[in-house]
Amino acid sequence: MSTRLARILTTIFVLAVVLLPIYWLVSTSLKSNREITQEGTLYPHVPTLDNYVRLFTEKQFGSYLTNSVVVTFFSVAIALVFGAMGAYAIARFRLPFAAERKIGLFLLTLRIIPPVVILIPVYLLMLSLGLLDSWLGLIATYTAFNITFCVWMMESFFREIPVDLEEAAMVDGDSRFGAFRRITLPLAAPGLAATAIFAVLVTFNEFLFALALTATPRAMTMPRGTATLIGRIDTDWASMAAAGVIGALPIVFFALLVQRHLVRGLTMGAVK
Amino acid sequence: MMHSSRLTRRSVIKGALGLALATTALTTLGLPMPAKAAGKKVIIGAFADGGLTPFKEKIIPLAKEQGFDIQFLEDEYGVTLEKWFADAQSGAGQYDLYLLDDPWVPQFGAANVLEDLGAGGIDGSDKDWIGPMIDMGYWPPQKGPRVKGFENAKPTLICVPFVGDLQTLTYRNDVFTGGAPKTWDEVIAKGKEGVAAGKIKYPVVFRGVSGNPIVTSWYPVFLSFGGSFFDDKWNPIFNSAEGKASADFFVGTMKQNAPSGVVEFDSDQEGAAILGGDAGAIIQYSGNALKADDPAQTKVAGKLDFGVVPKQEKAIAQMGIFIAGVPKSAPNKANSIEFLKWYVSAETQAKLSEAGSIPVKRSAFGIAKPGNRLIPVALQQLDAGALPRPRTPDWAKVEELLGIELNKALQAGSGGGAALDTAAKQVKDYLTTAGYY
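Re the sheet that holds strand S1 (residues 40–47) of chain B
All names here are of chain B.
Line of reasoning, step 1. Strand order in this open sheet of five strands is S2-S1-S3-S12-S6, and the pairing throughout is mixed. Of all strands in the sheet, those bounded by a partner on one side alone are strand S2 (68–75) and strand S6 (159–163). Taking each pair of neighbouring strands and ignoring which way they run, the sheet shows an average axis angle of 30 degrees.
Line of reasoning, step 2. In the sheet, S1 pairs with S2 via eight bridges, with the strands oriented parallel. Paired with Ile-44 across the two strands is Phe-72, which belongs to S2.

Now the structure itself:
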């Protein structure tokens, strides 16, 4: 009985820790700034959707959201396509001096480098290419980051898939690429989904490069646009909370779409 | 039945379609798509601030009537300086006009990245300018000490005042029933009476967070005690007897009469204290002051009045204005300068005053119906005395060093004078390294 009670209490505690910030965000988004800063209420006493309306009528959050979705979609899609092929090559082919084992790690170090270290060079590169404040500039930058991560992550998934399956397909006359596309890739789908989730999260929430590379609503992303709500003297907390809710929606939607694959992807490779 | 876990083509298409539909739905919910360029384009970069609201709401539509196609790009205050400076230095040409915070002018001036607006036809000698405001647009400064390398350079008008802003006193008229308190002693004494009567919880509130916030709050106290910051050779003299007395008063008496967490207060907290009805008086810029009559923003609408800052010896406030500069890399340079000429004209400034912003031309203060009651008080404060921060590209560093020491003293509740001694030494060392002497 006491074990059951402990489980229930633990569950309630964990749920509170996880859900309270979300409740607070949504609840704050429905309050006025006066209620937020001067009254500190636990729930909206006079609920209002004005904060949401203001984001889309005065603050151009429609553009920010579109930019975020488009940039994230293309950079992750491109990174997954090329990252999967790169990871497959590393997982399947042997190179002199076992270089294939080091390539994955080397690529990961590119992801590990603190972004601020390469911020200025990337800015100057985009400036010289005329890609500042454009979708293309952001997509190129994020794709470069995501590919390294995708290769590193997908490599382990491909290693889990028996090479015999591809060889059987090739014995039956399929090409290497055909076996990869028709046999290996579908089997690695959970890993692909897990990789996509992480890449989408990182890309959608990225702030530093968006800050440096964009200047107008033409290319500003959600995190970048949300920062514009912080003023010199005051901060529009109500609008920021509404922006937080709006910004979370695409990620929640995406997570719901791929959650079946995500669970398998996370456990794949854990037990041999 | 087991669900298939394969990522099928169908599920990918479904996902992509869902995302596309969600995006389309959200973006069409009342989103005004940016209008196509239909006039003289001017891309204005600004940091988010309530002080620019009247400009955005009332003046931009007027500018459009004049044929300007204004693109107004707001950003977070904390990132704009670095971003615009990088834009100007690299010649990226993302903006036509920066609305700078005035302490940034020396940095842009020293880097020679802004257009000479005098050469563009803007008259800096027009007597209608508020003198201390137009002075801030010159680099090197026309008066006061100059940094090395610019001792003999001819002052050039690289910026023009855009929206006036300065500190004034906001006070509770049911506590200070005889009008604005004239001295700091009166602020504290009458404030205590207000606390005793249950009208307020604290006589004063201010910002205590290290860095710019605490220095900005202390500065008018420092000026009112008769302090000066640098001498003509950039030697720090803020730790004079007057300066020390102001710091001791600030970290001692003022802290004792402020909310208990004031050491951690920034503008949100001090704004909540005055607008929420807890504090009796505050010295602040116009951002929060402009909310004083709006019941949606304050619990005590109608109970907040404005006045000149209290004095000990003088009643001098800090002035910090929005000031406009045109980058040399501006893609629509001619349009920007033409826009500025129109904007700083007496007629447009009168409209700005009507809209509720503090204008930058004296004639605009005298209009029949200024847009808010802070405007005449701002003129009173300008006439009583309002000083900009010292004109050096290194002001941010100076402010940081001083702010750390003041914050330490505020935490301790004493030792303001000693904090200034320590800060003065640090500032002197820093400026020595920077080649000021």
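Having seen the structure, we can now continue with the description.
Digging into a nonpolar patch on the surface
Line of reasoning, step 1. Together, Phe-13, Val-14, Leu-15, Val-17, Val-18, Leu-19, Ile-22, Leu-25 and Val-26 of chain A line one region of the surface with nonpolar side chains, adding up to about 780 Å² of accessible area.
Line of reasoning, step 2. Mapped onto the elements, Val-14 of chain A comes out in helix H1 (residues 2–29).

Notes on the domain arrangement of chain B
All names here are of chain B.
Line of reasoning, step 1. Per the domain assignment, the segments making up chain B are domain 1 (40–164 + 321–387) and domain 2 (168–319 + 390–433).
Line of reasoning, step 2. The straight-line distance from the C-alpha centre of domain 1 to that of domain 2 is 26 Å.
Line of reasoning, step 3. If you look at the interface, domain 1 gives 31 residues, while domain 2 gives 24 residues.
Line of reasoning, step 4. Of the roughly 2,300 Å² buried between domain 1 and domain 2, counting both surfaces, carbon and sulfur atoms make up 65%.
Line of reasoning, step 5. At the boundary of domain 1 and domain 2, one finds three salt bridges.

Quick notes on the pairing of strand S3 (residues 97–101) of chain B
Residue and element names in this part refer to chain B.
Line of reasoning, step 1. Most of S3 sits out of view: five of its five residues are buried.
Line of reasoning, step 2. Because side chains alternate across S3, one face comprises the buried residues Leu-97, Leu-99 and Asp-101, and the other comprises Tyr-98 and Leu-100, equally buried.
Line of reasoning, step 3. Of the strand pairs in this sheet, S1 and S3 are connected by two bridges, and their pairing is parallel. When the sheet's bridge partners are listed, Ile-44 is paired in S3 with Leu-97.
Line of reasoning, step 4. Relative to strand S12 (residues 322–325), S3 is paired through four bridges, and the arrangement is antiparallel. Paired with Leu-99 across the strands is Ala-324, a residue of S12.

Things to note about the interface of chain B and chain A
Interface size, as often reported, equals the accessible area lost upon joining of the parts.
Line of reasoning, step 1. Contacts between chain B and chain A engage 52 residues on the former and 44 residues on the latter.
Line of reasoning, step 2. For the chain B and chain A pair, buried surface summed over both sides reaches about 4,200 Å², with 58% attributable to carbon and sulfur atoms.
Line of reasoning, step 3. Linking chain B to chain A there are one salt bridge.
Line of reasoning, step 4. In this structure, Arg-224 of chain A and Asp-75 of chain B form a salt bridge, with 2.5 Å as the shortest nitrogen-oxygen distance.
Line of reasoning, step 5. Taken together, chain B and chain A are joined by eleven residue pairs in polar contact (both at pLDDT 80 or more).
Line of reasoning, step 6. When contributions to the side of chain B that touches chain A are tallied by element, the ones reaching two or more residues are helix H1 (9–27), S2, helix H3 (77–90) and helix H9 (267–275) of chain B.

With respect to the packing of aromatic side chains
Line of reasoning, step 1. Here the structure, examined in full by the defined rule, presents 43 aromatic pairs over all chains.
Line of reasoning, step 2. Here the aromatic rings of Phe-47 of chain B and Phe-322 of chain B are separated by 5.3 Å at their centres, their planes lie at 25 degrees, and the arrangement is stacked. Of the two residues, Phe-47 of chain B is situated in strand S1 and Phe-322 of chain B in strand S12; the sequence distance between them amounts to 275 residues.
Line of reasoning, step 3. A residue is classified by how much of its surface remains accessible, and Phe-322 of chain B, at 1% relative accessible area, is buried.
Line of reasoning, step 4. Ring geometry for Phe-230 of chain B versus Trp-234 of chain B: centroids 5.1 Å apart, planes at 65 degrees, classification edge-to-face. Across the pair, Trp-234 of chain B and Phe-230 of chain B agree in class, each one buried.
Line of reasoning, step 5. Of the aromatic side chains, those joined through ring pairs into one cluster are Phe-47, Tyr-77, Trp-84, Phe-85, Tyr-95, Tyr-98, Trp-104, Phe-108 and Phe-322 of chain B.
Line of reasoning, step 6. Above the ring of Trp-24 of chain A, the side-chain terminus of Lys-31 of chain A is found at 4.5 Å from the ring centroid.
Line of reasoning, step 7. Note that Lys-40 of chain B overlies the ring of Phe-68 of chain B, its terminal NZ or CZ placed 4.6 Å from the centroid.

A look at the sheet that holds strand S9 (residues 279–284) of chain B
Residues and elements named next belong to chain B.
Line of reasoning, step 1. Here four strands make up an open sheet; going across it, the order is S8-S9-S7-S10 and the pairing mixed. Bordering the open sheet on either side are strand S8 (202–204) and strand S10 (304–307), each of which pairs with just one other strand. Between one strand and the next, the sheet's axes are offset by a mean angle of 20 degrees, whatever the strand orientation.
Line of reasoning, step 2. Where strand S7 (residues 168–172) and S9 come together, four bridges link them in antiparallel fashion. Across the sheet, residue Thr-170 finds its bridge partner in S9, namely Ile-282.

A few points about the pairing of S12 of chain B
Residues and elements named next belong to chain B.
Line of reasoning, step 1. Both faces of S12 are covered, namely the face carrying Phe-322 and Ala-324 and the face carrying Ile-323 and Gly-325.
Line of reasoning, step 2. By the bridge criterion, four bridges tie S6 to S12 in an arrangement that is antiparallel. Bridge pairing links Val-160 to Ala-324 in S12.

A look at unusual backbone geometry
Line of reasoning, step 1. Between Trp-139 of chain B and the following residue, Pro-140 of chain B, the backbone shows a cis peptide bond with an omega angle of -10 degrees.
Line of reasoning, step 2. Tracing the backbone shows Pro-140 of chain B in the loop between strand S4 (138–139) and strand S5 (156–157).
Line of reasoning, step 3. For Phe-97 of chain A, which is not glycine, the phi dihedral falls at a positive 60 degrees.
Line of reasoning, step 4. Position of Phe-97 of chain A among the secondary structure elements: in the loop between helix H4 (61–92) and helix H5 (99–112).
Line of reasoning, step 5. Taking relative accessible area as the criterion, Phe-97 of chain A reaches 80% and is therefore assigned exposed.
Line of reasoning, step 6. Although it is not a glycine, Trp-234 of chain B adopts a positive phi angle of roughly 65 degrees.

Re the domain arrangement of chain A
All names here are of chain A.
Line of reasoning, step 1. Taken as a whole, chain A is organised into domain 1 (1–48) and domain 2 (55–267).
Line of reasoning, step 2. Contacts between the two partners involve nine residues from domain 1 and, on the opposite side, eight residues from domain 2.
Line of reasoning, step 3. Contact between domain 1 and domain 2 buries roughly 550 Å² in total, counting both sides, with carbon and sulfur atoms accounting for 75%.
Line of reasoning, step 4. Of all residues in domain 1, Leu-25, Ser-29 and Asn-33 bury the most surface against domain 2, accounting for 67% of the area lost on that side.
Line of reasoning, step 5. Our count for the domain 1 to domain 2 interface comes out at zero salt bridges.
Line of reasoning, step 6. Here domain 1 is connected to domain 2 by three residue pairs in polar contact (both at pLDDT 80 or more).

What counts and how
Residues numbered from 1 in each chain as written. Chains lettered and ligands numbered in written order. Predicted model: local features only at pLDDT ≥ 70, side-chain atom pairs only at ≥ 80, totals over all residues. Heavy atoms only, no water. Pairing = 2+ DSSP bridges. Helix = DSSP H or I, 4+ residues; strand = E, 2+ residues; numbered from the N terminus. Axes fitted to C-alpha atoms, helices over the stretch in contact; angles between N-to-C directions. Patch = residues over 30% accessible without salt bridge, like charges linked within 9 Å, V, L, I, M, F, W, Y side chains within 5 Å. Areas by Shrake-Rupley, 256 points an atom, 1.4 Å probe, with all protein chains shown as cover. Salt bridge = Lys/Arg side-chain N within 4 Å of Asp/Glu carboxyl O. Domains from an automatic or database assignment. Contact = heavy atoms within 4.5 Å. Buried area = accessible area lost by both parts, 1.4 Å probe. Buried < 20%, exposed > 50% of the residue type's maximum accessible area, 1.4 Å probe, protein only. Polar contact = N/O pair within 3.5 Å; in protein donor to acceptor, adjacent residues only side chain to side chain. Phe/Tyr/Trp six-rings, centres within 6.5 Å; stacked < 30°, edge-to-face > 60°. Lys NZ or Arg CZ within 6 Å of the ring centre and 35° of its normal.

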